[in-house]
Amino acid sequence: MDLIDKQVKKDWYASQSSFWAHEKHIVLSEVFHYPEEKVFLNQDIVILESDNFKVYRSYDHYYSEEELIHLLDKNKFKNYHFFYDIIEDNNFVSDNVVFTVTQK
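Residues numbered from 1 in each chain as written. Predicted model: local features only at pLDDT ≥ 70, side-chain atom pairs only at ≥ 80, totals over all residues. Heavy atoms only, no water.

A.B. asks: Sorry, what's going on with the pattern of salt bridges here?
C.D. replies: For side chains bearing opposite charge, pairing can occur when the charged atoms are close. Considering all chains together, one arrives at two salt bridges under this definition. The residue Lys10 makes a salt bridge to Glu30 at a minimum N-O spacing of 3.8 Å. On the criterion of sequence distance, the pair formed by Lys10 in strand β1 (residues 9-15) and Glu30 in strand β2 (residues 25-34) is long-range, its members being 20 residues apart. Relative accessible area serves as the criterion here: at 21%, Glu30 is assigned to the partly exposed category. Where Glu67 meets Lys38, a salt bridge forms, and the shortest distance between an N and an O atom there is 2.8 Å. In this pair, Glu67 sits in helix α1 (residues 65-74) while Lys38 sits in the loop between β2 and β3 (39-48), placing the two residues 29 residues apart along the sequence. (Salt bridge = Lys/Arg side-chain N within 4 Å of Asp/Glu carboxyl O. Helix = DSSP H or I, 4+ residues; strand = E, 2+ residues; numbered from the N terminus. Buried < 20%, exposed > 50% of the residue type's maximum accessible area, 1.4 Å probe, protein only.)

Encoded structure:
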């Protein structure tokens, strides 16, 4: 995975309505990188106008192609093929996504 497009960062914005809530809210976002585990943590804290808040955490574990091949072999998958550049540019997921077609 090319990590250039995924960066440790902090950001925030206010919105009348968005993906996170249908009422006025503020979103505090932060990305943490744990390179020894090959994991990114995306944390979003949504503070609602109604004085409630919610915390959302998603973890992105990344693998090299060699690591994927090792996992597939270890779990007895065969005839695997990797496909890149399937997802169009967007603000939601990384550009570095690989899809695998395989047989068990």
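After that view of the structure, there is still more to cover.
A.B. asks: For this particular structure, what's the right way to read the side chain of Gln43?
C.D. replies: Mapping Gln43 onto the fold places it in strand β3. For Gln43, a relative accessible area of 13% puts it in the buried group. There is a polar contact of 2.7 Å between the side chain of Gln43 and the side chain of Arg57. The residues touching Gln43, leaving out its near neighbours within four places in the chain, are Leu28, Ser29, Glu30, Phe32, Val55, Tyr56 and Arg57. (Polar contact = N/O pair within 3.5 Å; in protein donor to acceptor, adjacent residues only side chain to side chain. Contact = heavy atoms within 4.5 Å.)

A.B. asks: So what exactly am I meant to see when it comes to the environment of Asn79 here?
C.D. replies: Tracing the backbone through its elements, the reader meets Asn79 in strand β5 (residues 78-83). Along the backbone, Asn79 and Val101 are 22 residues apart, and their C-alpha atoms lie at a distance of 8.0 Å. Beyond its immediate chain neighbours, meaning those up to four positions away, Asn79 contacts Val101, Thr102 and Gln103.

A.B. asks: Where do I start with the side chain of His25 in this structure?
C.D. replies: For His25, the position within the fold is in strand β2. On the accessibility criterion, His25 (3% relative accessible area) is buried. Here the side chain of His25 touches Ser18 through a polar contact of 2.8 Å, side chain to side chain. Not counting chain neighbours up to four residues away, the residues in contact with His25 comprise Tyr13, Ala14, Ser15, Ser17, Ser18, Trp20, Val46, Ile47 and Leu48.

A.B. asks: Would you mind showing me how to read the packing of aromatic side chains here?
C.D. replies: Aromatic rings considered in pairs are described by the distance between their centres and by the relative angle of their planes. If you walk through the whole model with that rule in mind, you get four aromatic pairs. Aromatic pair Trp20 and Tyr56: ring centres 4.9 Å apart, planes at 35 degrees, arrangement tilted. Here the residue Trp20 occupies a position in the loop between β1 and β2, and Tyr56 occupies one in strand β4 (residues 53-61), the gap between them amounting to 36 residues. When its relative accessible area of 31% is taken as the criterion, Tyr56 is described as partly exposed. Measuring from centroid to centroid gives 6.0 Å for Tyr80 and Phe82, while their planes differ by 50 degrees, and the two rings are tilted. Every member of this aromatic cluster is reached through a ring pair, and the members are Phe19, Trp20 and Tyr56. A cation over an aromatic ring shows up here: Lys104 above the ring of Phe77, its NZ or CZ 4.6 Å from the ring centre. (Phe/Tyr/Trp six-rings, centres within 6.5 Å; stacked < 30°, edge-to-face > 60°. Lys NZ or Arg CZ within 6 Å of the ring centre and 35° of its normal.)

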